[in-house]
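Read off the chains here:
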Amino acid sequence: MHQVHPALRQPVTAADRVLQEIQRAIVEGDIAAGSKISEPELARRFDLSRAPLREALARLERCHLIERIPNAGARVVKLSVAGLLALYQLRENLEGLACKLAAEQMSDTEIAEVRQLLDQHLSSQRVREGESYYQEAGDLDFHYRIILGSKNSYLINILCDELYYLVRMYRVQLGMNGPRVSRAFDEHKAIINAIANRDGELADLLMRRHIAASRRNIELKLQQMGS
């Protein structure tokens, strides 16, 4: 069976619970991008004392969802074209590498499970009709499963922990709809086929192209919002 990265396991402490709740609220835009963080307000909203809240905020800073501004306190990170380009340059290279490694490391069973996951995605009416392609975090996310399939713990830590939720924030708030949906789904199929054929170089190339296409899609939306 595939593993679950610690960052996505069930919460254990109060700080874990609140971390996951605030993460979800930021990723989905319930706490707006660029908004100021008020500790008293968050403590009331999530029914938490200051110490575990501060621990949760420090962890949110480590996964780049909030940033501290000198003399201005903490705020939720802004979604910007510059931020997107820097993040997706890294994604292209690292997820391409993850695919290359997955072609060597993933078992036939794990590959079959990812194919099953894509069948599950296609069974969603919104994906079938090209309306939207929303993937839940963790095991239900194609990219997450491929990264775990690389079996490289350093790569998994960077992509499934440190950068995962910031990437999700761009994907969820500015994600796929319209013609990009069926193209993205087909690209996922082509990537897992290359991995199944143990063609790491092709899988790497296809993933890089896939992420570059997603970046262009999100960049366009950010520019439209800006104008």
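Residues numbered from 1 in each chain as written. Predicted model: local features only at pLDDT ≥ 70, side-chain atom pairs only at ≥ 80, totals over all residues. Heavy atoms only, no water.

1. Description of the overall build of the protein
Helices and strands together make up the secondary structure of the protein, namely 11 helices and 2 strands. In the protein, the order of α-helices and β-strands from amino to carboxyl end is α-α-α-β-β-α-α-α-α-α-α-α-α. Pairs at least 24 residues apart make up 76% of the contacts formed inside the protein by residues separated by at least 6 positions. For the protein, the accessible area works out to roughly 11500 Å², and carbon and sulfur atoms hold 50% of it. (Helix = DSSP H or I, 4+ residues; strand = E, 2+ residues; numbered from the N terminus. Contact = heavy atoms within 4.5 Å. Areas by Shrake-Rupley, 256 points an atom, 1.4 Å probe, with all protein chains shown as cover.)

2. Observations regarding the pattern of salt bridges
For the structure on display, the rule yields 16 salt bridges. Across the pair Arg 59 and Glu 55 runs a salt bridge, and its minimum N-O distance is 3.2 Å. Taken as a pair, Arg 59 and Glu 55 lie in helix α3 (residues 50-62) at a separation of 4 residues, close to a single helical turn. Glu 61 is paired through a salt bridge with Arg 68; the nearest N and O atoms lie 2.9 Å apart. Assessed through its relative accessible area of 30%, Glu 61 is described here as partly exposed. It is possible to trace a salt-bridge network through shared partners that takes in Asp 16, Glu 55 and Arg 59. (Salt bridge = Lys/Arg side-chain N within 4 Å of Asp/Glu carboxyl O. Buried < 20%, exposed > 50% of the residue type's maximum accessible area, 1.4 Å probe, protein only.)

3. Brief notes about the nonpolar core
In this structure, Ile 22, Ile 146, Tyr 170 and Ile 195 are the most contacted members of the largest nonpolar core, which totals 63 residues. If one sorts the elements of this core by residue count, helix α4 (residues 81-105) sits on top with 8 residues. Ignoring sequence-local partners within four residues, the contact set of Ile 146 consists of Ala 98, Cys 99, Ala 102, Val 114, Ile 192, Ile 195 and Met 207. (Core = buried A, V, L, I, M, F, W, Y, C linked by side-chain atoms within 4.5 Å.)

4. Here we look at helix α7 (residues 142-149)
Burial of α7 is extensive: 8 of the 8 residues sit out of reach of the surface. Against the buried residues of α7 lie α4, α5 (108-123), α8 (153-162), α9 (164-173), α10 (180-196) and α11 (200-226). Phi for Lys 151, located one or two positions after α7, is positive at around 60 degrees.

5. Thoughts on empty space enclosed by the protein
It is the rolling of a water-molecule-sized probe over the atoms that shows where space remains empty. Inspection of the entire model under this criterion finds 1 cavity of 30 Å³ or more. Taken as a whole, the largest cavity spans an internal volume of roughly 50 Å³. What lines the largest cavity is simply Arg 91, Glu 95, Asp 141, His 143, Ile 147, Leu 159, Tyr 164, Val 167 and Arg 171. Those elements giving two or more residues to the lining of the largest cavity turn out to be α4, α7 and α9. With 3 residues, the top contributor of residues to the lining of the largest cavity is α9. Along the lines of polarity and charge, the residues of the lining of the largest cavity split into 4 nonpolar, 1 polar and 4 charged. (1 Å grid on protein atoms, 1.4 Å probe; cavity = no way out; pocket = protein on both sides within 12 Å on 5 of 7 lines; lining within 4 Å. Points joined across faces, edges and corners; volume = space filled by probe spheres on them. Nonpolar A, V, L, I, M, F, W, Y, C, P; charged D, E, K, R; others polar.)

6. Some remarks on the packing of helix α1 (residues 14-27) against α9
Following both chains from N to C, one finds α1 and α9 inclined at 40 degrees, their axes separated by 8 Å at the closest point. As judged from the angle between their axes, α1 and α9 are oblique. Contacts between α1 and α9 involve Gln 23, Ile 26 and Val 27 from the first element and Tyr 165, Arg 168, Met 169, Val 172 and Gln 173 from the second. Considering only residue class, the contact of α1 with α9 consists of 5 nonpolar, 2 polar and 1 charged. (Axes fitted to C-alpha atoms, helices over the stretch in contact; angles between N-to-C directions. Parallel < 35°, antiparallel > 145°, perpendicular 65-115°, else oblique.)

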